Every structure is written in structure tokens, then in C-alpha cells.
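# Coordinate inspection notes
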Amino acid sequence: MKTCLCIDEMHPSLPDMLAEIGVQLHYRPDLTAAEVPAALAAHHYDGLMVRSKLRITAALLAHGPALRWVARAGAGVDNIDEEALAAANVTLLNAPEGNQDAVGEFAVGLLLSVLRNIGRADREVRAGQWRREANRGEEVGGKVIGLIGYGHMGKAFARRLEGFGCTVLAYDHDPNCAPDQFATLVSLAELQQRAEVLSLHIPYSAANHHVVNEEMLTGFRNAIWLLNTARGEVLDHAALVRQLAAGQVRGAGLDVLENEKLATLTPTQRATFDTLEADPNVLFTPHIGGWTYQSYHRINEVLARKIHDFLRRHAG
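Keep in mind the model is a prediction, meaning the values are calculated, not measured. Residue numbering note: each chain is counted from 1, following its sequence as written. Predicted model: local features are reported for residues with pLDDT of at least 70 only, side-chain atom pairs are reported and counted for 80 or more only, and whole-chain, interface and lining totals are derived from all residues. Processing note: side-chain calculations cover all non-hydrogen atoms of the structure and skip hydrogens and water entirely.

## Let's talk about the pairing of strand E2 (residues 23-27)
Pairing between strands requires that DSSP locate at least two bridges from one strand to the other. Strands here are runs of E lasting at least two residues and helices are runs of H or I lasting at least four, both read from the DSSP assignment and numbered beginning at the N terminus. Across five bridges, strand E1 (residues 2-6) lies against E2 in parallel orientation. Across the sheet, the residue bridging to Leu5 is His26, located in E2.

Next comes the structure, spelled out in C-alpha cells:
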């Protein structure tokens, strides 16, 4: 029987799902990042399952010479050195299919919340203020929604926008990105010319660091609303502060931040965060776009299926 070490919290259905495909799970979410190398070295594991507890590097992989796969419970793989995996002949499996629907639904909610001032209005009513006119909002219908990134998450968002009577444009630098009936694939220049809302659906990589920056934001013909349910590091938050002040960004919904460990913000990050926090047109949520009870279970299903397929392809 194959064995797999899991070092992060997972839905309790995981052991049974893996047992059904002939994989014994060693479930050790209690391990600290510093303890993982020794745990790998103590057993010839075939697989390693992770969320975001630690970075998967060449140095870590050296402690698990028998590893054949690393399974990332979620979509993002920015904590995994894919070149190191390739060099070690270890296959990377991730599960964007597991939380794509959660992200798609959440992005709609975030869009509505930003356009209709829901977060601000709630705070005001709780404070005894009843300000209808000040919270008159905008409708989604008739707007041009621009998506940067049209993979699993972008497509899930676009599908859910179909009933709103808006136009959805998508830009993706991958020439193999598949179009569908829910969005029109366009160049970045056309998206900047037409979009009234910008929603980010791209993974983080060194090449994508601050890809949404001052130059990109000022390149939009219309003042825009901005949503980020992807990774905080793809957006230059200092540029966002300046463009909110300039009126080029009308409001923002941020489910992710450049540094989500708020107690560890640098002085510069703290100043930027405090400015954003004080802006009534900015809405924060704590990286919960893909975080539902259903996606928690579904990620297990996706990874179990992908591990099963991997083992069938590499049997013997």
C-alpha cells in the first residue's frame, strides 16, 4: 500500500477516501514546519499533502527521496518550488476544481457588496445612522466586467455573472486559454479600454508580483471598481492607495492582502493597510473566497481522484 504524509488540517473524510484507492494516510497536522523534514526522513513516503504550512523546496524534498507526488489542498501553488519538484521527478497535484465554485460565488457577493455599499451601510446602521442617499449604489446590469485570468476561478465567476445582464471580458496571457460562452477573451489593452470593474483571478508567481500596478491601473479609460480574490502579492497596494485617492479606483473588495499576518506588518505595510482600512470604499475579508464547508470536502474528492489517476498511470 502507498503511504502519504499530510501535514495540514484537512476534512475528516480524507483517510477513508485515500484508503479506497490504496493509499494509507499518516495524518500529522500537529507537525510544525521545522518538524516536517525529520518526519519525511523517518518514513519512505510516496506522497506529501500540504496546504500552506511551509514551502516545498529542494532542501525539503531531499528528506523524502521516495516521494512521487506532492498534493496541494487548494488552487495556489506559490509555496511550492515547481522546478525543484521537476528536478526530483515529483509530480505536483493541486485542486482548483475543489474551490472554484466557492470563489465564483464569493466574487459575486464581493462585487455586489462593493457596488451597493453593503459593508459600510451595515456599520452605519449598527452605529445608529440611517443614511439612504449616501449609500445609493450601482447595479451590475449593463456594466462591463473585466477579468484578468480566465482559468478555473475566472470561469466560475463569469458563469455566475450570466444572469446579471452585464458584459464579461477576460484577459489571459496563456495562448491556450480556452474561451467559452460566458466571457469574451480580449487583449489587455481592450480590457483597459472597456472595463468598469476589474476582478483578479491569477496565481502568484515572481513574474506576477505587483503585475497590477500604477501603470496598469492608470491605463483604464474608466474609473474602476477592483476585486481581488486571487493573491495579495499580484496587486501593488501602495498603488491602490494612490489610485483610490485620485478617483481612478472607485472602490475595492480585497479578500487577500500582500501580508495576511497582520501582526507582522512592516511599518510601510502598516501605513498602507491603515490608509485602506480608513477608506469607506474598501471592503476587506480574511481570504475566505474559497473557504466553505462544501469546498473543504470537495478538495479531498479532487485530490483523491487525481492521486488515483496518477497511480494508475504510473502503476508498476
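## Side note on the sheet that holds strand E7 (residues 167-171)
One open sheet holds the seven strands; their spatial order is E8-E7-E6-E9-E10-E11-E12, and the pairing between them is parallel. Taken across any chain shown, the strands that pair with only one partner, and hence form the sheet edges, are strand E8 (184-185) and strand E12 (282-284). Two elements, strand E9 (residues 197-200) and strand E10 (residues 224-228), share four bridges in a ladder whose sense is parallel. Residue pairing for E10: Leu198 is matched across the bridge by Leu226. In this analysis, two residues are considered to be in contact whenever any of their non-hydrogen atoms come within 4.5 Å of each other. Fitting a line to C-alpha atoms yields each axis, with helices limited to the stretch in contact; the angle taken between N-to-C directions then spans 0 to 180 degrees. Lying over the sheet, helix H7 (residues 152-161) contacts strand E6 (144-148), E7, E9 and E10, oriented at roughly 165° with respect to E6. Lying on the sheet, helix H10 (residues 237-246) is in contact with strand E11 (249-254) and E12; it crosses E11 at an angle near 140°.

## A closer look at the packing of helix H5 (residues 96-115) against H7
The axes of two packed helices give the description: the angle between them and the distance between them. At a minimum axis distance of 8 Å, the contact between H5 and H7 shows a crossing angle of 50°. What the angle tells us is that H5 and H7 run oblique. Considering only the axes of H5 and H7, their crossing is right-handed. Facing H5, whose interface residues are Pro96, Glu97, Asn99, Gln100, Asp101, Val103, Gly104, Glu105, Ala107, Val108 and Leu111, H7 presents His152, Met153, Ala156, Phe157, Arg159, Arg160 and Leu161. Among the residues making up the contact of H5 with H7, the classes are represented as nine nonpolar, four polar and five charged. By the definition adopted for this analysis, an angle is roughly parallel if under 35 degrees, roughly antiparallel if over 145, roughly perpendicular if from 65 to 115, and oblique otherwise. Two helices crossing with the near one rotated counterclockwise from the far one by less than a right angle form a left-handed crossing, whereas a clockwise rotation gives a right-handed crossing. Under the convention adopted here, Pro, Cys and the residues Ala, Val, Leu, Ile, Met, Phe, Trp and Tyr are nonpolar, Asp, Glu, Lys and Arg are charged, and Gly plus all remaining residues are polar.

## Things to note about the packing of H10 against helix H11 (residues 267-278)
Two numbers describe how H10 lies on H11: the axes approach to 10 Å, and their chain directions differ by 40°. As for the relative orientation of H10 and H11, their crossing is left-handed in sense. Contacts between H10 and H11 involve His237, Ala238, Leu240, Val241 and Leu244 from the former and Thr272, Thr275 and Leu276 from the latter. Grouping the amino acids of the contact of H10 with H11 by side-chain chemistry returns five nonpolar, three polar and no charged.

## Focus on helix H12 (residues 293-313)
How far a helix is expected to stretch is found by multiplying one less than its residue total by 1.5 Å. Helix length check: H12 (21 residues) gives 31 Å between terminal C-alpha atoms against 30 Å at 1.5 Å per residue, within 8%. Three exposure classes are used, based on accessible area relative to the maximum for each residue type with a 1.4 Å probe and protein chains only: buried under 20%, partly exposed in between, and exposed over 50%. Among the residues of H12, those classed as buried are Ser295, Ile299, Asn300, Val302, Leu303, Ala304, Lys306, Ile307, Phe310 and Leu311.

## Here's the deal with the side chain of Ser113
Within the element layout of this structure, Ser113 appears in helix H5. In this structure Ser113 touches Ile118, Gly119 and Leu283, once residues within four positions along its chain are discounted.

## Thoughts on the pattern of salt bridges
Each reported salt bridge corresponds to a side-chain nitrogen of Lys or Arg within 4 Å of a carboxyl oxygen of Asp or Glu. Counting across every chain of the model gives 14 salt bridges. Across the pair Arg126 and Asp122 runs a salt bridge whose closest N-O atoms are separated by 2.9 Å. Of this pair, Arg126 and Asp122 are both found in helix H6 (residues 118-126), four residues apart, which corresponds to roughly one turn of the helix. Judged by its relative accessible area of 69%, Arg126 is exposed. A salt bridge links Glu138 to Arg250, with the shortest nitrogen-to-oxygen separation between them at 3.1 Å. Of this pair, Glu138 sits in the loop between H6 and E6 while Arg250 sits in strand E11, and the two are 112 residues apart along the sequence. Its relative accessible area of 28% is what places Glu138 among the partly exposed residues. Among the charged side chains, a salt-bridge network with shared partners connects Asp101, Arg159 and Arg160.

## Regarding unusual backbone geometry
A positive phi angle, close to 55°, is found at His210, a residue other than glycine. Among the secondary structure elements, His210 is positioned in the loop between E9 and helix H9 (214-218). When its relative accessible area of 21% is taken as the criterion, His210 is described as partly exposed. Phi at His287 is positive, roughly 55°, even though this residue is not glycine.

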